[in-house]
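Chain by chain, the residues:
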Amino acid sequence: MMIGSMSEISKAYEPGAVEEHWYGEWIREKCFSADPSSAKPAFSIVIPPPNVTGVLTLGHVLNNTLQDILARRARQTGHEVLWLPGTDHAGIATQTVVERHLRKEEGKTRRELGREEFLRRVWDWKDKHGGIIFKQLKRMGCSCDWDRARFTMDGDYSRQVQEAFVRLHEQGLVYRGKRMVNWCPVSQTALSDEEVIMKPAKGKLYVMRYEVVEEPGVFLEIATTRPETLMGDTAVAVHPDDPRFSRFLGKHVWRPFPRASIPVIGDTHIDMTFGTGVLKVTPAHDKADFEIGQRHGLEVLDVMNPDGTLNDLAGPEFAGMERFAAREVAVAKLAEMGLLVREEDYENNVGYSERADVPIEPRLSEQWFLRYPQVEASLDAVVSGRIRFAPDRWAKIYEHWMTNIQDWCISRQLWWGHRIPVWYRRDDASVMHVGLEAPDAGGDWVQDEDVLDTWFSSWLWPFATMDAATRAKFYPTTDLVTGPDIIFFWVARMIMAALEFTGEAPFRNVFFTSIIRDLKGRKMSKSLGNSPDPLDLMAKYGADGLRFGLMRIAPHGQDVRFDENQIKEGRNFANKLWNAARFREMQGPVASAKPLEQHELSPYSVAVLVAFDAMHAGYRRALDDFHFHEAAALLYDFFWSAYCDWYVEASKAELARGGAAADSVRAVMDHILSGYLRLLHPFMPHITEELWHRLGYASGDGRAGMVLFAAPPAGDSLPSLAGEEKARAANAVHAVYDAVRGVRALRAEFKVPSNVECTVHLARTPEFSGFDLEVFRALARASGVVGIGAAGPGRKMPHVLTPLGEVYLELEIDVEAERGRLHGELEKVEAEIAKVDKKLADASFVQGAPAEVIENFKKRGEEWRAKKAKLEAAIVAL
């Protein structure tokens, strides 16, 4: 088969071959290349850069499908489009995986290799494993300008990152200080607050006692969740107004080990209601304790190594011991000394390193910090609406964070990343120079060992990825599509950086995607085994099937409940579209170019065109508001129901008659199919491009003939037809379709075989007294339609009231036997209802069963009751 040629459309759709062919054609024709010199209005979007060695996840599929929809729609609406791709060096993640590989394969650490050799190994790793995700995005059909792909460690980009640091330092916004930071003992680097994930944890609250030095035999009880840090205690604190402990102020207690006398101090920040009201103060290992220590001039005693093991200051028996093992030993030692009062179960929130997924350690460390620039202007950009968030609830969350913003710790104790452009004199480290190069080439200067936080590079992404000509045309960008989990990491910081360095907001709209969960509401994860491989899904259902299926289950502002059956529905829809196009092809060549109004259109043709226009208007509104799910639903419902199920079937009689009647149907089909392929293209690009060419709608060769660049259809398919005439035709056709549904329901209820025709009696509504009933007869599978008066047919028949009139179905049935059958079914249904009601009335079941099980029982009860109502209605009808 010659894909893309004018050969006959095959019976079966083969998505793999079609998708590979058309993506290759788009690349060969440079369809995705942006031209900065174009006179067209600009549309631009930058990809949220995935990790350079990352692989495609369902989250990537969702995010990039949405971006591709926006980019492809913009091309169709006459814009010059730049969708700029790129990858992030992912400092912690990439360095961690390379270090793990080194330990496993060579038994070496990065320090044994040295910085230069280790970085060479990381670049080798990047060259070997990087770029995989680009190939996978291409498999999806993403229309990025691949020639412009950027990497956050590219030379020019790296220079801009370091220039930003230097400029902000010159303005006094970047500074170095020794402060309490979040420390990851696995990655052995500082983390910003946004890189710490709070998780609920079940642990223990340990109540221990410290003896008062001045009053032997008298003890103060202290509650703590971290007895492994007591070796770093340099005071105990109570509230100065707590009458229980006021007499101990100014006295001392014995720290159990290493044994030392430490003071009892009063501090108003102590919560008298927590624990025992007495707090152990460990300034080196808790942020609140550090602040207390600063206020009272306490010694800062750091008893922990960077890797989370205890050091010599903890005492010889603890030195080198892992922190959680040390906790158990410390508790046992307290018990042995008679100083452990009790242990209590305790639940609290514990901060975890986002990357390493281990509890972080508060640690006193000298780091580089940034006072955020342009905070008020960045807040105003969103509050005023200059930058629009969708869904709009994220604007409030953004506003809350921006009004409670803390300085950003931007240094990381890594080697992979942008090295901090700060230099120290080799013979006097107190002499510092901030600049891209050392002050002289004499070798008397040493560069700072640390690198910048990865997010410090990616906050420049919307503009640092573009050269001057590209920026002049495409910056500020139009839209940004990203996850809500990085609204603080990335979105807020990009706005601040853009306003600081370019004087303009970086984008006009931000759409926050949904989080994909499984049907039980759990986040997708490899460890849970609930995260399917997108490549496997594309192999089974096609890229278009995956894209469209995912769009249909991604409601605006809500999490996605992933169901592979819905992806299967995406493939089924592609097959439906393929078969509908094949049916059209079988009716003859493309209709003449004369306007639709010059054809004699049946009411059924007018009605389907009205439905198409209504769908198109809703589609435009949905995409303008970033309601992608709604647009997908409109596309699906119109094509499957209004076009295929009803119009195609209704038009078969006209097609069979041939002549002008058949010509008008073909013209309507071509109008709808050509318009529909254009609207569907952003969602399902490959199959629409294939059918666009197969059906002969392409107006030229190469780019010019592609649906990729075809303008959207007109908003009004019949501009010369009065609105009243359109409404009259649509109402009559809908009345016929409703009557057909009624007949089909009666046939199903009385189990009439589909190949058996029945006579239908119709007491027609006066409004439709002159309407032709041939289509009604054919769709209802009636041997004939007998017109009757309002009094009815004169004998008992199953009937239903419809807008077209009262419809009676003439059946030869044994009334008593049918009544008996219906009563038998009714008894079974009532028994099922009783089972459900009994289960839901059982209090122990309701209290103990999962919520989804209870909901399932309720739904089952509703379904059985609906069936009961139908059976009772059928009995009455007899």
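Since we're looking at a predicted model, the values are computed, not measured.

### So, the overall build of the protein
Check the secondary structure of the protein and you find 28 helices and 29 strands. Per-residue burial for the protein yields a buried fraction of 51% across its 878 residues. The long-range share in the protein, meaning contacts at least 24 apart out of those at least 6 apart in sequence, stands at 77%. Counting only carbon and sulfur atoms, one obtains 51% of the accessible surface of the protein, whose full area is about 38900 Å².

### Some thoughts on the packing of helix α17 (residues 543–552) against helix α23 (residues 685–694)
In a packed pair of helices, the relevant descriptors are the angle between the two axes and the axis-to-axis distance. At their nearest, the axes of α17 and α23 sit 7 Å apart, and the two run at 120° to each other. Judged on the interaxial angle alone, α23 and α17 are oblique. For the pair formed by α17 and α23, the contact residues are A543, D544 and R547 on the first element and P685, H686 and I687 on the second. Across the contact of α17 with α23, the residue classes tally to 3 nonpolar, 1 polar and 2 charged.

### Describing the environment of H21
Mapped onto the elements of the fold, H21 is located in helix α1 (residues 15–28). A C-alpha to C-alpha distance of 9.2 Å links H21 and E690, two positions 669 residues apart in sequence.

### Some points on the nonpolar core
Within the largest apolar cluster, 131 residues are counted, with the highest numbers of intra-cluster contacts made by F639, Y643, Y676, F683 and F776. With 13 residues, helix α20 (residues 628–650) is the single largest residue contributor to this core. Contact partners of F776, with chain neighbours within four places excluded, come to Y604, V736, A739, V740, V743, V760, V785, L804 and V807. Of all hydrophobic cores here, the second largest spans 58 residues; its members include V46, L173, A381 and A497.

### Quick word on the sheet that holds strand β14 (residues 361–370)
Here 4 strands make up an open sheet; going across it, the order is β6-β5-β14-β16 and the pairing antiparallel. The two strands at the open ends of the sheet, each matched to only one other strand, are β6 (189–191) and β16 (408–409). Strands in contact with helix α8 (residues 287–296) are β5 (174–184) and β14; relative to β5, the strand with the most contacts, it is inclined by about 135°.

### Examining α17
Within α17, 9 of the 10 residues are buried, which leaves the element mostly enclosed by the surrounding structure. Those residues of α17 that sit buried are A543, D544, G545, L546, R547, F548, G549, L550 and M551.

### Describing the packing of aromatic side chains
One pair of aromatic rings is described through two measures. These are the centre distance and the angle between the planes. Within the structure shown, the criterion is met by 45 aromatic pairs. Taken together, a centroid distance of 5.9 Å and an interplanar angle of 70° make the contact between F118 and W415 edge-to-face. Here W415 lies in the loop between β17 (411–412) and β18 (422–425) and F118 lies in helix α5 (residues 115–129), a separation of 297 residues in the sequence. For W415, a relative accessible area of 8% puts it in the buried group. Here the aromatic residues F548, F573, F612, Y619, Y636, F638, F639, W640, Y643, Y647, Y676 and F683 are joined through ring pairs into a cluster of three or more. Lying across the ring of F257, K333 places its NZ or CZ 5.5 Å from the centre. The ring centre of W183 lies 5.2 Å from the NZ or CZ of R363, which sits over that ring.

### What to know about the pairing of β5
Where burial is concerned, most of β5 is hidden: 8 out of the 11 residues are buried. Where β5 lies against β14, 10 bridges are found, and the strand directions are antiparallel. If you follow N182 over to β14, its bridge partner there is P362. Here β5 pairs with β6 via 3 bridges, running antiparallel. Across the sheet, residue N182 finds its bridge partner in β6, namely L191. Turn length for the β5-β6 hairpin, with the two strands adjacent in sequence and antiparallel, is 4 residues, and the turn residue Q188 shows positive phi of about 55°.

### Remarks on the pattern of salt bridges
By the definition in use, this model includes 52 salt bridges. Between R73 and D624 there is a salt bridge, and its shortest N-O distance comes to 3.2 Å. Linking R73 in helix α2 (residues 58–76) with D624 in helix α19 (residues 603–624), this pair joins segments that are 551 residues apart in sequence. D624 gets classed as partly exposed once you look at its relative accessible area, which sits at 43%.

### A closer look at empty space enclosed by the protein
On inspection of all chains with the given rule, the structure shows 2 cavities of 30 Å³ or more. Lining the largest cavity are 14 residues, with F511, S514, A554, P555 and F628 positioned closest to its centre. Around the second largest cavity, the lining residues are W183, P185, H285, D302, M304, N305, P306, G308, E361, P362 and R363. Top contributing element to the lining of the second largest cavity by residue count: β14, with 3 residues. Here the lining of the second largest cavity is built from residues that sort into 5 nonpolar, 3 polar and 3 charged.

### Here's the deal with the sheet that holds strand β9 (residues 235–238)
Spatially, β10-β11-β9-β12 is the arrangement adopted by the 4 strands of the open sheet, whose pairing is mixed. Looking at the sheet topology across the chains shown, the edges are occupied by β10 (252–255) and β12 (279–281). In this sheet, adjacent strand axes meet at a mean angle of 35° when their direction is disregarded. By the bridge criterion, 3 bridges tie β9 to strand β11 (residues 260–266) in an arrangement that is parallel. The partner of V236 across the bridge, within β11, is V264. Against the sheet, α8 contacts β11 and β12, and its axis sits at roughly 70° relative to β12.

### Looking at the layout of surface pockets
A volume near 1300 Å³ is recorded for the second largest pocket. T225, R226, D286, N348 and N349 are, among the 45 residues lining the second largest pocket, the residues nearest its centre. Elements with a minimum of two residues in the lining of the second largest pocket: β7 (196–211), β8 (219–224), β12, α8, α9 (323–336), β13 (340–353) and β14. Broken down by element, the residue count for the lining of the second largest pocket peaks at 7 residues, all from β7.

### Focus: the state of the cysteines
The final tally for this structure, using the stated rule, is 0 disulfides. There is no disulfide at C142, and the cysteine sulfur nearest it, in C144, is 5.4 Å away. With a relative accessible area of 0%, C142 lands in the buried category.

### Considerations on unusual backbone geometry
Cis peptide bonds are those with omega within 30 degrees of zero, and the linkage from A390 to P391 qualifies with -5°. With omega at 0°, the peptide bond leading from Y475 into P476 counts as cis. Note that P476 resides in the loop between α14 (468–474) and β22 (477–482). Phi is positive for R781, which is not a glycine, with a value near 55°. Along the chain, R781 turns up in the loop between α25 (774–779) and β27 (782–787).

What counts, and at which threshold
- Numbers given to residues run from 1 along each chain, matching the order in which its sequence is written.
- Two thresholds apply to this predicted model, a pLDDT of at least 70 for residue-level local features and 80 or more for giving and counting side-chain atom pairs, whereas whole-chain, interface and lining totals are computed over all residues.
- Excluded from the side-chain calculation are hydrogens and water; included are all heavy atoms of the structure.
- What counts as a helix is a DSSP run of H or I of at least four residues, what counts as a strand is a run of E of at least two, and both are numbered from the N terminus.
- Buried means the residue's accessible area, taken with a 1.4 Å probe over protein chains only, is under 20% of the maximum for its type, while exposed means over 50%, and partly exposed covers the values in between.
- By definition in these notes, contact holds between two residues if any of their heavy atoms fall within 4.5 Å.
- Using a 1.4 Å probe, the Shrake-Rupley method yields the accessible areas, and only the shown protein chains count as cover for residues.
- For every element, the axis is a line fit to its C-alpha atoms; helices are fit only across the contacting stretch, and the angle between N-to-C directions ranges from 0 to 180 degrees.
- An angle below 35 degrees is read as roughly parallel, one above 145 as roughly antiparallel, one from 65 to 115 as roughly perpendicular, and any other as oblique.
- As a working rule, the residues Ala, Val, Leu, Ile, Met, Phe, Trp, Tyr, Cys and Pro are called nonpolar, Asp, Glu, Lys and Arg charged, and the rest polar, with Gly in that last group.
- For our purposes a nonpolar core is just a set of buried Ala, Val, Leu, Ile, Met, Phe, Trp, Tyr and Cys residues, chained together by side-chain atoms within 4.5 Å.
- Pairs of strands are assigned from DSSP output, requiring at least two bridges between the strands.
- Working definition: a ring pair exists when centres of Phe, Tyr or Trp rings (six-membered ring for Trp) sit within 6.5 Å. Plane angles under 30 degrees give stacked, over 60 give edge-to-face, the rest tilted.
- In this scheme, the term charge over a ring applies when either NZ of a lysine or CZ of an arginine sits within 6 Å of the ring centre and within 35 degrees of the ring normal.
- Counted as salt bridges are all cases of a side-chain nitrogen of Lys or Arg within 4 Å of a carboxyl oxygen of Asp or Glu.
- Only protein atoms enter the 1 Å grid used here. Points where a 1.4 Å probe fits but cannot escape make up a cavity, open sets with protein on both sides within 12 Å along at least five of seven lines make up a pocket, and a residue lines them when an atom lies within 4 Å of a point.
- Grid points are joined across faces, edges and corners, and a volume is the space filled by probe spheres set on the points.
- Disulfides are defined as pairs of cysteine sulfur atoms found within 2.5 Å of each other.

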